[in-house]
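Spelled out, the chains give:
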Amino acid sequence: MQFTAENWQAVLLTLRLAGLTTLLLLILCTPLAWWLAHTRSRWRAPISAVVALPLVLPPTVIGFYLLVLMGPQGPVGQLMQSMGLKLLPFTFNGLLIGSLVYSMPFAVQPLQRAFEALGRRPMEVAATLGAAPLDRFFSVAFPMARNGFLTAAVMTFAHTVGEFGVVLMLGGNIPGQTRVISVQIYDHVEALEYTQAHWLAAGMLVFSFIVLLSIHLLQRPQSCS
Amino acid sequence: MKAQRSRISPSLKLISQAALALALLPAAHAGEVAVAVAANFTAPMNKLAAMFEKAIGDKVVISSGATGKFYAQIVNGAPFDVLLAADDTTPEKLEKEGKAVKDTRYTYAIGKLVLWSPQGNYVDGEGKVLTSDFTHISIANPKLAPYGAAAMETLEKLKLTDSIKPRIVTGENIGQTYQFVATGNAPLGFVALSQVMQDGKVSKGSYWIVPETMHEAIRQDAILLNKGADNDSAKALLKYLKSDEARAVIKTFGYGF
């Protein structure tokens, strides 16, 4: 009785969820972060506030509202049903959407900071050299903001791995589909299976330490230059 | 006459108020009992606490949650005087481990399991709906919650475990299980009768009260914890829960004895 198949299943599921969340958020949040970094629109403040909401809201609030929104009576649920699609709660896709909301600030904020640090100048220079907007972004901004992207990726991944309240409320605790590590640990502790809980919990502790250490190491060269 | 009465009544009022304050003051200081209550018994306990406070004058402080969690907290020194568990094994375990007072354990209620849907005309009176092709059924984690274990026993007995298993969504306790059904995300679920009962009847939706022959009795035991060993209010509360007055209330929430 060491590391059970159920535990492995939870670990793999968590990695899949965190990996997909990170990938999608980096794609979705790059334009948003870019806009936030450069706009002078009066919408900047309210949109920044909305993006930061998951930082201050209890996960139970997010989980509860997502459950209501995506449920059969909720607007999202009704839309899904009218399109003949499966409802989202208790599915992997449902968890993925929950994670996108929950981890969004962890993707947006490092990217936004990196883009702000970049300033307008390199892009203007590239423009005068005749680079098209997309080319400017990929050959100038992206390499220069590399650390921002790395930090965003690591933070988003780590935060999603550590997610608990949202997945508990939205997931339905289905092995292989929605039972992630944090829920598995919770179950073990509640059932007084402390040995099993320790295996997973200690693993999470080590993982989190490595994540924070790597972010520290990543950010050091930036602050030196 | 009129003037006279108005002259007397304020002083009378003052005296009676002072007397009342004097009568209440010591009581308010004397008794306070901290109770850890199983989630399924929260609603009846709120009502019983108000009745107890009125009858005895002692204050009841209620914490509600999962029995397993309470066990871990009590073992680690949580300041509860009384535990009203969702099962009979946890209080027994606490007694054996010396965390609770010997011979204070008794069954305060026997829980009833109900298959429930907020939709009317959905669950029939014999549970035949279980063989239909619903999307999800919400059941409390059988490892953690006695109602979940009883639900799984019932499915086993109906020989439906294999066909239903892939459609089970597990609530970490009976409260979350109810929430999955109440929000409509699962069309039906096995919950505690006490959760859907109000004033002696199921307040909405359709239901099947699972016969007690389908599963082992859900004995919910109470016990006096070590911290409450010298607390007279705690002892009074345990006694009060056995009274006819209290049992009548407990019954209206769908529990048996």
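Whatever comes next refers back to the structure up there.
Rules used throughout
Residues numbered from 1 in each chain as written. Chains lettered and ligands numbered in written order. Predicted model: local features only at pLDDT ≥ 70, side-chain atom pairs only at ≥ 80, totals over all residues. Heavy atoms only, no water. Helix = DSSP H or I, 4+ residues; strand = E, 2+ residues; numbered from the N terminus. Buried < 20%, exposed > 50% of the residue type's maximum accessible area, 1.4 Å probe, protein only. Core = buried A, V, L, I, M, F, W, Y, C linked by side-chain atoms within 4.5 Å. Contact = heavy atoms within 4.5 Å. Patch = residues over 30% accessible without salt bridge, like charges linked within 9 Å, V, L, I, M, F, W, Y side chains within 5 Å. Areas by Shrake-Rupley, 256 points an atom, 1.4 Å probe, with all protein chains shown as cover. Salt bridge = Lys/Arg side-chain N within 4 Å of Asp/Glu carboxyl O. Pairing = 2+ DSSP bridges. Axes fitted to C-alpha atoms, helices over the stretch in contact; angles between N-to-C directions. Phe/Tyr/Trp six-rings, centres within 6.5 Å; stacked < 30°, edge-to-face > 60°. Expected span 1.5 Å × (residues − 1). Bend = angle between axes of the 7 residues up to and from the residue. Right-handed = clockwise from strand over helix to strand, strands pointing away. Buried area = accessible area lost by both parts, 1.4 Å probe. Polar contact = N/O pair within 3.5 Å; in protein donor to acceptor, adjacent residues only side chain to side chain. Nonpolar A, V, L, I, M, F, W, Y, C, P; charged D, E, K, R; others polar.

Undergrad: Help me out: how do you make sense of the overall build of chain A in this one?
TA: Counting its secondary structure elements, chain A contains 11 helices and 0 strands. Start at the N end of chain A and walk to the C end: the helices and strands fall as α-α-α-α-α-α-α-α-α-α-α. In terms of its C-alpha atoms, chain A occupies a principal-axis envelope of roughly 65 × 45 × 25 Å. The proportion of buried residues among the 225 residues of chain A is 45%.

Undergrad: Which parts of the structure should I look at to understand the nonpolar core?
TA: Generally speaking, soluble globular proteins have nonpolar side chains that are buried together. The biggest cluster of nonpolar side chains holds 54 residues, and the ones touching the most others in it are B:Phe41, B:Met45, B:Leu84, B:Ile137 and B:Phe190. It is helix α5 (residues 146-157) of chain B that provides the largest number of residues to this core, a total of 5 residues. Contact partners of B:Met45, with chain neighbours within four places excluded, come to B:Val37, B:Val60, B:Ile62, B:Leu84, B:Leu237 and B:Leu241. Of all hydrophobic cores here, the second largest spans 24 residues; its members include A:Leu26, A:Leu36, A:Ala37 and A:Leu100.

Undergrad: Is there a simple way to think about helix α3 (residues 67-75) of chain B in this case?
TA: Each α-helix winds once per 3.6 residues, and so residues spaced three or four apart point in a common direction. Along α3(B), the residues classified as buried are B:Thr67, B:Gly68, B:Phe70, B:Tyr71, B:Ala72 and B:Ile74. B:Gly77 sits one or two residues past α3(B) and shows a positive phi near 90°.

Undergrad: Sorry if this is basic, but what is going on with a nonpolar patch on the surface here?
TA: On the surface, a nonpolar cluster with roughly 430 Å² of combined accessible area is contributed by A:Val50, A:Leu53, A:Leu55, A:Val56 and A:Leu57. By relative accessible area, A:Leu55 is classed as partly exposed at 42%.

Undergrad: Looking at this structure, I do not really get the sheet that holds strand β12 (residues 218-224) of chain B. What am I missing?
TA: The pairing of strands in a sheet happens through backbone hydrogen bonds and is either parallel or antiparallel. Residues and elements named next belong to chain B. Strands sit in the order β2-β1-β3-β12-β4 across an open sheet of 5 strands; the sheet is mixed. The open sheet has two free edges, formed respectively by β2 (59-65) and β4 (106-111), since each of these has just one partner strand. Averaged over all adjacent pairs, the angle separating strand axes in this sheet is 20°, with direction ignored. Where strand β3 (residues 82-84) and β12 come together, 3 bridges link them in antiparallel fashion.

Undergrad: How do you make sense of the packing of aromatic side chains when you look at a structure like this?
TA: Aromatic ring pairs are defined here through the distance separating the ring centres and the angle between the ring planes. What the rule picks out here adds up to 16 aromatic pairs over all chains. With 5.2 Å between their ring centres and 50° between their planes, A:Phe164 and A:Tyr186 make a pair best called tilted. In this pair, A:Phe164 sits in the loop between α8 (146-161) and α9 (165-171) while A:Tyr186 sits in helix α10 (residues 181-190), placing the two residues 22 residues apart along the sequence. With a relative accessible area of 16%, A:Tyr186 lands in the buried category. Both rings, one in B:Phe41 and one in B:Tyr108, keep their centres 4.8 Å apart while their planes meet at 70°; by these two values the pair is edge-to-face. Note that B:Phe41 is positioned in the loop between β1 (32-38) and α2 (42-56) and B:Tyr108 in strand β4, a separation of 67 residues in sequence.

Undergrad: How should I be thinking about helix α5 (residues 92-118) of chain A in this particular structure?
TA: Residue and element names in this part refer to chain A. Relative to the 39 Å expected for 27 residues at 1.5 Å per residue, α5 spans 37 Å between its end C-alpha atoms, a close match to the ideal helical length. Within α5, the axis deviates most sharply at Ser 103, by approximately 50°, and proline Pro 105 lies no more than four positions further along. Across the 27 residues of α5, 19 count as buried, placing the element largely inside the fold. Looking one or two residues beyond α5, the residue adopting positive phi is Gly 119, at roughly 70°.

Undergrad: Can you help me understand the pattern of salt bridges in this one?
TA: Note that side chains of opposite charge can pair when their charged atoms are close. Inspection of every chain in the model, using the stated rule, returns 7 salt bridges over all chains. B:Lys143 serves as the salt-bridge partner of A:Glu193, at 3.3 Å between the closest nitrogen and oxygen. With A:Glu193 in the loop between α10 and α11 (194-224) and B:Lys143 in the loop between β6 (137-140) and α5, the pair connects residues from two separate chains. Exposure remark for B:Lys143: the relative accessible area of 43% places this residue in the partly exposed category. Among the salt bridges present, the one from B:Glu92 reaches B:Lys96, with a minimum N-O distance of 3.5 Å. You can see B:Glu92 and its partner B:Lys96 sitting in helix α4 (residues 89-96), 4 residues apart, about one turn around the helix.

Undergrad: Could you clarify how one ought to interpret the environment of B:Thr213 in this entry?
TA: All names here are of chain B. Structurally, Thr 213 is set in the loop between β11 (206-209) and β12. Assessed through its relative accessible area of 62%, Thr 213 is described here as exposed. Measuring from C-alpha to C-alpha, the distance between Thr 213 and Thr 154 comes to 9.0 Å, with 59 residues separating the pair along the chain.

Undergrad: Before we go on, may I ask you to explain the side chain of B:Glu95 in this structure?
TA: Residues and elements named next belong to chain B. Mapped onto the elements of the fold, Glu 95 is located in helix α4. When its relative accessible area of 12% is taken as the criterion, Glu 95 is described as buried. Each residue touching Glu 95, except ones within four places of it in the same chain, is listed here: Ala 100, Lys 102, Asp 103, Arg 105 and Ile 223.

Undergrad: Explanation requested: the pairing of β2(B) in the structure shown.
TA: Every regular strand shows the same layout, with side chains that alternate between the two sheet faces. All names here are of chain B. Sheet analysis places β1 next to β2, joined by 7 bridges and oriented parallel. Residue pairing in the sheet places Glu 32 in a bridge with Lys 59 of β2. Crossover handedness for the path β1 to α2 to β2: right-handed.

Undergrad: How should I be thinking about the interface of chain A and chain B in this particular structure?
TA: Reports often express the size of an interface as the amount of accessible area lost when the parts come together. Contact with chain A, which involves 20 residues of that partner, is made by 21 residues of chain B. Across the interface of chain A and chain B, roughly 1800 Å² is buried in total on both sides, 56% from carbon and sulfur atoms. Taken together, the connections running from chain A to chain B amount to 7 residue pairs in polar contact (both at pLDDT 80 or more). Secondary structure elements with two or more residues in the side of chain A that touches chain B: α3 (59-70), α9 and α10 of chain A. Of the residues that constitute the side of chain A that touches chain B, the class distribution is 12 nonpolar, 5 polar and 3 charged.

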